[in-house]
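Each chain, written out:
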Amino acid sequence: MSSYIAKMNERIRNAPDGHAFVVSDFTDIMEYEAAKKSIARLEKSGVIRRVIRGIYDKPKYSELLGEYAAPDINKVAEALARNYNWTIAPSGNTALNLLGLSTQVPAHWDYISTGPYRSYKIGKMTLRFSHRANKTIEGMSPKTAMVIEALRTIEKDDFSESMIKTLRKRLTVGDKERLLTEGRQTTNWIYSAIKKICTD
């Protein structure tokens, strides 16, 4: 068991600060029940932090604040999606914030999901999942789904040149290629916006 815990510990150590974990992230190393006991042991020893039931993170230390930062809500959302096998994408103001289109920190972190409607309280923040049919985000990369959700939040007349420039910088060449291909089924104005974003 100690060798299994050492492997688990190494995986956590190699992960970036702020990354969130679920028990199933370690079931390639050991059986589920053993992983569950081991993750509780590592939490007790301070290697990881319990965020909510079943979700743990590698806390990020803030030199500025002199303490550990609050959990990364987006990483927690991704961990929940892995745990329940949901497909998710940031939506509304959450999508705008993560893409750099808004500097306002969302009052709620909102995601569309192929799973059920769920809400989680994490410190002072609320993480919310709203159910969407599989076909809404089926076959899309996470980045494509997030950009489309952000564009749905923006009024057509408010979509600006500065937003286009911001998204161009945020997206890799591969992101743009997938966005052009995967975004074809969306509305006319959103696909028109996508073509502007992906054409330098």
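Here's what I pulled together on the structure shown here.

Conventions we followed
- Going along each chain's sequence as written, the residues are numbered from 1 onward.
- Local features are withheld for residues below a pLDDT of 70 in this predicted model, meaning they are given only at 70 or higher, and side-chain atom pairs are given and counted only at 80 or more; totals for whole chains, interfaces and linings count all residues.
- Computation of side-chain values: all heavy atoms of the structure, hydrogens and water removed.
- Each helix is a run of H or I in the DSSP string that is no shorter than four residues. Each strand is a run of E no shorter than two, and both are numbered from the N terminus.
- We call a set of buried residues a nonpolar core when its members are Ala, Val, Leu, Ile, Met, Phe, Trp, Tyr or Cys and they connect through side-chain atoms within 4.5 Å of each other.
- A simple rule labels every residue: compare its accessible area, found with a 1.4 Å probe on the protein chains alone, to the largest value its type can have, and call it buried under 20%, exposed over 50%, or partly exposed in between.
- Whether two residues are in contact is decided by their heavy atoms: any pair within 4.5 Å suffices.
- It is the directions from the helix axis to the C-beta atoms that the arc portrays.
- At least two bridges found by DSSP between two strands is the condition for calling them paired.
- For every element, the axis is a line fit to its C-alpha atoms; helices are fit only across the contacting stretch, and the angle between N-to-C directions ranges from 0 to 180 degrees.
- Polar contacts, as used here, are pairs of N or O atoms within 3.5 Å; protein pairs need one atom able to donate a hydrogen and one able to accept it. Residues neighboring in sequence count only if both atoms are side-chain atoms.

**Topic: unusual backbone geometry**
So, step 1. With a phi angle near 60°, Asn85 is a residue other than glycine that sits in the positive phi range.
So, step 2. Along the chain, the position of Asn85 falls in the loop between helix 3 (73–84) and strand 6 (88–90).

**Re the nonpolar core**
So, step 1. If you look at the biggest cluster of nonpolar residues, it comprises 22 residues, and the most contacted ones within it are Leu99, Leu101, Leu151, Ile154, Phe159, Ile194 and Ile197.
So, step 2. Those elements giving two or more residues to this core turn out to be helix 4 (92–98), helix 6 (142–153), helix 7 (161–170) and helix 9 (188–198).
So, step 3. By residue number, the principal contributor to this core is helix 9, which donates six residues.
So, step 4. Apart from the residues lying within four places of it in its own chain, the contact partners of Leu151 are Phe159, Trp189, Ile190, Ala193, Ile194 and Ile197.
So, step 5. Formed by 19 residues, the second largest nonpolar core is a distinct cluster that contains Ala20, Ile73, Ala79 and Tyr120.

**Focus on helix 9**
So, step 1. When we look at burial in helix 9, the residues that qualify are Ile190, Tyr191, Ala193, Ile194, Ile197 and Cys198. For helix 9, the buried positions fall inside an angular range of 155° around the axis, keeping them on one side.
So, step 2. Buried positions along helix 9 lie against helix 6, helix 7 and helix 8 (173–182).

**Quick word on the sheet that holds strand 7 (residues 108–113)**
So, step 1. If you walk across this open sheet you meet the four strands as 6-7-9-8, and the pairing is mixed. Edge positions in the sheet fall to strand 6 and strand 8 (118–122), since each of these pairs with one other strand and no more. Going from strand to strand, the sheet's axes swing by 25° on average, the running direction of each strand aside.
So, step 2. The sheet contact formed by strand 8 and strand 9 (residues 125–131) spans five bridges and is antiparallel. Looking across to strand 9, one finds that Ser119 is bridged to Arg128.
So, step 3. Lying on the sheet, helix 3 is in contact with strand 6, strand 7, strand 8 and strand 9; it crosses strand 9 at an angle near 40°.

**Thoughts on the sheet that holds strand 3 (residues 55–57)**
So, step 1. Taking strand neighbours across the sheet as the criterion, the three strands line up as 1-3-2 in an open arrangement whose pairing is antiparallel. In this open sheet, the two edge strands, each paired with only one partner strand, are strand 1 (20–21) and strand 2 (49–52).
So, step 2. One ladder, built from two bridges, connects strand 1 with strand 3; its direction is antiparallel. Note that in strand 3 the partner of Phe21 across the bridge is Tyr56.

**Some remarks on the side chain of Asp175**
So, step 1. Positionally, Asp175 belongs in helix 8.
So, step 2. We classify Asp175 as buried; its relative accessible area is 10%.
So, step 3. Among the polar contacts made by the side chain of Asp175, one reaches the side chain of Lys143 at a distance of 3.4 Å.
So, step 4. A polar side-chain atom of Asp175 sits 3.2 Å from a polar atom in the side chain of Arg178.
So, step 5. Contact partners of Asp175, with chain neighbours within four places excluded, come to Lys143 and Arg170.

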